[in-house]
Amino acid sequence: MGLGDIGRAIARAVLAGPDLRLVAAVDRAPALHSQKLEALLGVPCPNVPVYAEPSKAFAAARGGVMLQATTSSFQDVVPQIEQALAAGLSVVSTCEELAFPWLRFKDEADALDRLCLKKDLGVLGVGVNPGFALDRLPAFLSQVAGPVRHIRGLRVVDAAKRRPALQRKVGASLTEEVFEAAVDRGDLGHIGLAESAALAALGCGMELDEVEEEIEPILADRDHDSAVPVKKGQVAGMRQVATGFVDGREVVRLDVTIAVGAEEPRDEVELDADPPVKVQIPGGLAGDQATAWLVVNAATAIGELRGLVTVLDLPSGR
């Protein structure tokens, strides 16, 4: 469900892997309904229909899983998820707020969990972040150390190498004043970073009392000829920091920079523990492709899980 850039990447991953069979696609955009899915994806997938409404797709997939890539908003995906559950499908979603919805939507998350259990099905939110780089990975690494005192996560992404939608999402080409106003309205920023902080803490044996977030623009020091052109002095992207506290003490700091021309792209995790642990992924995880494979690999596991779960409930390997 959802045939934007990420949805198409997920569909291609399904077709490239051995474990899932793609039976239908759903997207409300009228322009897509006159096209064959293989033309949209650029890879062979004969006889896979694209529907505007999900009922026929759900019937074809009954007993399987809906791979959802429609929105970042928990409240917006819940009706779609409820439809899928009613039709007998588990759900794996790229919705960032679904990664740990108890942080902002505790009552609604509890209600969705009860519905999942009633239907004997599982629902999961997953992605590179939230869902892996700054939360599941620290939790996994914590298994080789004693009690974790502090978690530091760093993700640096050169947005010039990513899709135009991401460049616009981080404010590329805006003036500093327009950027600040958009942040105040909630129109810009990396959704899910606070959820990652809560997940990382939980996976390392802590439960946060409070999460604070800050966003600041990164201004270009030269012109960039990217998909969204950026001139010197304009906003090239943003830096966002989420800080988590237990009893007033900082225990998590997640630092994400996404900007056109960002230097030294990488992912880092550092645990203050005995022994200390530090891991770096030079170049960083490949955002769109990694998200697609995270969804597909999680889809093979969701059938064994029940309730509204998190990536901490997934197996460590395949």
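Everything that follows concerns the structure shown earlier in this document.
Per chain, the residues get numbers from 1 upward, laid out in the order the sequence is written. Owing to the predicted nature of the model, reporting of local features is limited to residues with pLDDT of at least 70; listing and counting of side-chain atom pairs is limited to 80 or more, with chain, interface and lining totals taken over all residues. Computation of side-chain values: all heavy atoms of the structure, hydrogens and water removed.

## Quick word on the overall build of the protein chain
By definition, any uninterrupted DSSP run of H or I lasting at least four residues is a helix, any uninterrupted run of E lasting at least two residues is a strand, and each is numbered from the N terminus. Looking only at helices and strands, the protein chain features 11 helices and 12 strands. Our radius of gyration is a C-alpha quantity, and the globule rule it is checked against amounts to 2.2 Å times the number of residues to the power 0.38. For 318 residues, the compact-globule formula gives about 20 Å, and the C-alpha radius of gyration of the protein chain, at 20 Å, lands near that figure. Once the C-alpha set of the protein chain is aligned to its principal axes, its extents read approximately 50 × 45 × 35 Å. Throughout, exposure labels follow a simple rule: accessible area from a 1.4 Å probe, protein chains only, divided by the maximum for the residue type, with under 20% read as buried, over 50% as exposed, and the rest as partly exposed. Buried positions account for 53% of the 318 residues belonging to the protein chain. Surface exposure here means Shrake-Rupley accessible area, sampled with a 1.4 Å probe, where a residue is shielded only by the protein chains that are shown. Of the roughly 14800 Å² of accessible surface on the protein chain, 49% is carried by carbon and sulfur atoms.

## Remarks on the environment of Q240
Relative to the assigned elements, Q240 resides in strand 8 (residues 235–246). Polar contact criterion, stated in full: a pair of N or O atoms within 3.5 Å, where within protein one must be able to donate a hydrogen and the other to accept it, and residues adjacent in sequence count only if both atoms are side-chain atoms. A polar atom in the side chain of Q240 sits 2.7 Å from the backbone nitrogen of H190.

## A word on the side chain of S90
Within the secondary structure, S90 is located in strand 4 (residues 90–93). S90 sits in the buried class, given a relative accessible area of 4%. Throughout, a residue-residue contact means that at least one pair of heavy atoms, one from each residue, lies within 4.5 Å. Apart from the residues lying within four places of it in its own chain, the contact partners of S90 are G64, V65, M66, L121, G122 and I302.

## So, the pattern of salt bridges
By definition, a salt bridge exists where a carboxyl oxygen of Asp or Glu is found within 4 Å of a side-chain nitrogen of Lys or Arg. If you walk through the whole model with that rule in mind, you get 18 salt bridges. For E270, the salt bridge goes to R152, with nearest N and O atoms at 3.0 Å. In this pair, E270 sits in strand 10 (residues 266–272) while R152 sits in strand 6 (residues 150–158), placing the two residues 118 residues apart along the sequence. Taking relative accessible area as the criterion, E270 reaches 30% and is therefore assigned partly exposed. On the accessibility criterion, R152 (24% relative accessible area) is partly exposed. Between E268 and R266 there is a salt bridge, with the nearest N and O atoms lying 3.0 Å from each other. R266 matches E268 in its accessibility class, with the two residues each being buried. A single salt-bridge network, built from bridges that share partners, covers R152, R266, E268 and E270.

## Considering the packing of helix 1 (residues 5–16) against helix 11 (residues 287–302)
Between helix 1 and helix 11, the least distance of the axes is 8 Å, while the angle of their chain directions is 55°. It follows from the interaxial angle that helix 1 and helix 11 lie oblique. Relative to helix 11, the crossing made by helix 1 is right-handed. Contacts from I6, A9, I10, A13, V14 and A16 in helix 1 reach D288, T291, A292, W293, V295 and V296 in helix 11. For helices, the fitted line uses only the C-alpha atoms of the stretch in contact; every axis is such a line through C-alpha atoms, and the angle between N-to-C directions lies from 0 to 180 degrees. An angle counts as roughly parallel when it lies under 35 degrees, as roughly antiparallel when it exceeds 145, as roughly perpendicular when it falls between 65 and 115, and as oblique in every other case. In this scheme the crossing of two helices becomes right-handed for a clockwise turn of the near helix relative to the far one and left-handed for an anticlockwise turn of less than a right angle.

## Re the pairing of strand 5 (residues 122–125)
Side chains of strand 5 alternate between two faces, with G122 and L124 and V123 and G125 buried alike. Strand pairing requires that DSSP identify at least two bridges connecting the strands. When strand 4 meets strand 5, the two strands line up parallel, connected through three bridges. For V92, the partnering residue across the bridge sits in strand 5 and is L124. Across three bridges, strand 5 lies against strand 12 (residues 307–309) in parallel orientation.

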